[in-house]
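Secondary and tertiary structure notes
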Amino acid sequence: MKKLKKLAALMLCTAMTFMMCGIVSSAASGQLRFSDPSTTVGATVEITAKLSADESLSEASATLTYDTTALKFISGENATASNGQIELEGSGSGNTEMSWTLKFQALSEGTTTVNISKVTASASSGDDVTVVEGSSTVTIGEGDPSLITDDEETTESS
């Protein structure tokens, strides 16, 4: 009887030990990186945003911010812009990369950035993707301000 109690206690301790062990889950990881173009005042400039992950992607979204005194958003596939913010949306088809090309007009000389204020992505497996965020630095040189268009900023492009 003592041996049976010792065996039951040992089995209970072993079971409790396994229950207390944490489940280790490795999340997918990725990077959202940008090109760093140079341009001149009045000219158009394209910035490429590329999300790369170590697993196939199912969807992603990001909110970018930029200085509206330096850049005017013109267009971008799966991008909408308003008041210095751009919303990017994307869906993957089993690829480990998504990319967006954003077109701006340069408004003033100097250096400006396009930054990420929020980004979310999920892998095809359903796991969230932990994304390392980058930014774009745009260098704007002397140009022709007469080329700047006064029309309203484009709000959506697909």
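So, how was this worked out
Residues numbered from 1 in each chain as written. Predicted model: local features only at pLDDT ≥ 70, side-chain atom pairs only at ≥ 80, totals over all residues. Heavy atoms only, no water. Helix = DSSP H or I, 4+ residues; strand = E, 2+ residues; numbered from the N terminus. Buried < 20%, exposed > 50% of the residue type's maximum accessible area, 1.4 Å probe, protein only. Contact = heavy atoms within 4.5 Å. Areas by Shrake-Rupley, 256 points an atom, 1.4 Å probe, with all protein chains shown as cover. pLDDT = per-residue confidence, 0-100. Core = buried A, V, L, I, M, F, W, Y, C linked by side-chain atoms within 4.5 Å. Phe/Tyr/Trp six-rings, centres within 6.5 Å; stacked < 30°, edge-to-face > 60°. Pairing = 2+ DSSP bridges. Axes fitted to C-alpha atoms, helices over the stretch in contact; angles between N-to-C directions. Salt bridge = Lys/Arg side-chain N within 4 Å of Asp/Glu carboxyl O.

1. Considerations on the overall build of the protein chain
- Scanning the protein chain for helices and strands turns up 1 helix and 12 strands.
- Secondary structure elements of the protein chain occur, N-terminal to C-terminal, as α-β-β-β-β-β-β-β-β-β-β-β-β.
- Looking at the protein chain as a whole, 32% of its 158 residues are labelled buried.
- When contacts within the protein chain are restricted to residue pairs at least 6 apart in sequence, long-range pairs at least 24 apart make up 77% of them.
- Carbon and sulfur atoms make up 51% of the accessible area of the protein chain, which amounts to about 9500 Å² in all.

2. Looking at the confidence of the model for the protein chain
- With 78% of its residues at a pLDDT of at least 70, the protein chain reaches an overall mean of 85.
- Within the protein chain, the element-level pLDDT minimum falls on strand S12 (residues 156-157), averaging 48, and the maximum on strand S2 (residues 38-40), averaging 97.

3. Section: the nonpolar core
- Leu 32, Leu 51, Leu 64, Leu 71, Ile 86, Leu 88 and Phe 104 are the most contacted members of the largest nonpolar core, which totals 35 residues.
- Aside from chain neighbours lying at most four places away, what touches Leu 32 is Ala 49, Lys 50, Leu 51, Ala 62, Trp 100, Ile 116, Val 119, Val 131, Val 132, Glu 133 and Gly 134.

4. Some points on the environment of Thr 40
- If you trace the backbone, Thr 40 turns up in strand S2.
- Looking at Thr 40, the relative accessible area reads 35%, which means it is partly exposed.
- For Thr 40 and Asp 144, which are 104 residues apart along the polypeptide, the C-alpha to C-alpha distance reads 7.6 Å.
- Contacts of Thr 40, omitting those with residues within four sequence positions, involve Ala 106, Ile 140, Gly 141, Glu 142 and Gly 143.

5. Focus on the packing of aromatic side chains
- A complete count under the given rule lists 2 aromatic pairs for this structure.
- The interplanar angle of 80° and the centroid separation of 5.7 Å between the aromatic rings of Phe 73 and Phe 104 together place this pair among those described as edge-to-face. Placement of Phe 73 in strand S5 (residues 71-76) and of Phe 104 in strand S8 (residues 97-106) is noted, with a sequence separation of 31 residues between them.
- Taking relative accessible area as the criterion, Phe 104 reaches 0% and is therefore assigned buried.
- Taken together, the ring pairs in this structure connect Tyr 66, Phe 73 and Phe 104 into an aromatic cluster.

6. Things to note about the pairing of strand S9 (residues 110-123)
- Across 9 bridges, the pairing between strand S4 (residues 57-66) and S9 is antiparallel. Of the residues in S9, the one forming a bridge with Leu 57 is Ala 123.

7. Considering the sheet that holds S5
- An order of S5-S8-S3-S1-S10 is seen for the 5 strands of this open sheet, with the pairing classed as mixed. At either end of the open sheet lies a strand with only one pairing partner, and these are S5 and strand S10 (129-133). This sheet shows a mean twist of 25° between the axes of neighbouring strands, independent of strand direction.

8. A look at the pattern of salt bridges
- This structure, assessed with the given rule, holds 1 salt bridge.
- Its salt-bridge partner being Glu 97, residue Lys 50 comes within 3.8 Å of it at the nearest N-O pair. Note that Lys 50 is positioned in strand S3 (residues 44-53) and Glu 97 in strand S8, a separation of 47 residues in sequence.
- Taking relative accessible area as the criterion, Lys 50 reaches 38% and is therefore assigned partly exposed.

9. What to know about the environment of Lys 118
- Examined against the element boundaries, Lys 118 turns out to sit in strand S9.
- As a C-alpha pair, Lys 118 and Ala 62 span 56 residues in sequence and 5.5 Å in three-dimensional space.
- Every residue in contact with Lys 118, bar those within four places of it in the chain, is listed here: Ser 61, Ala 62 and Thr 63.

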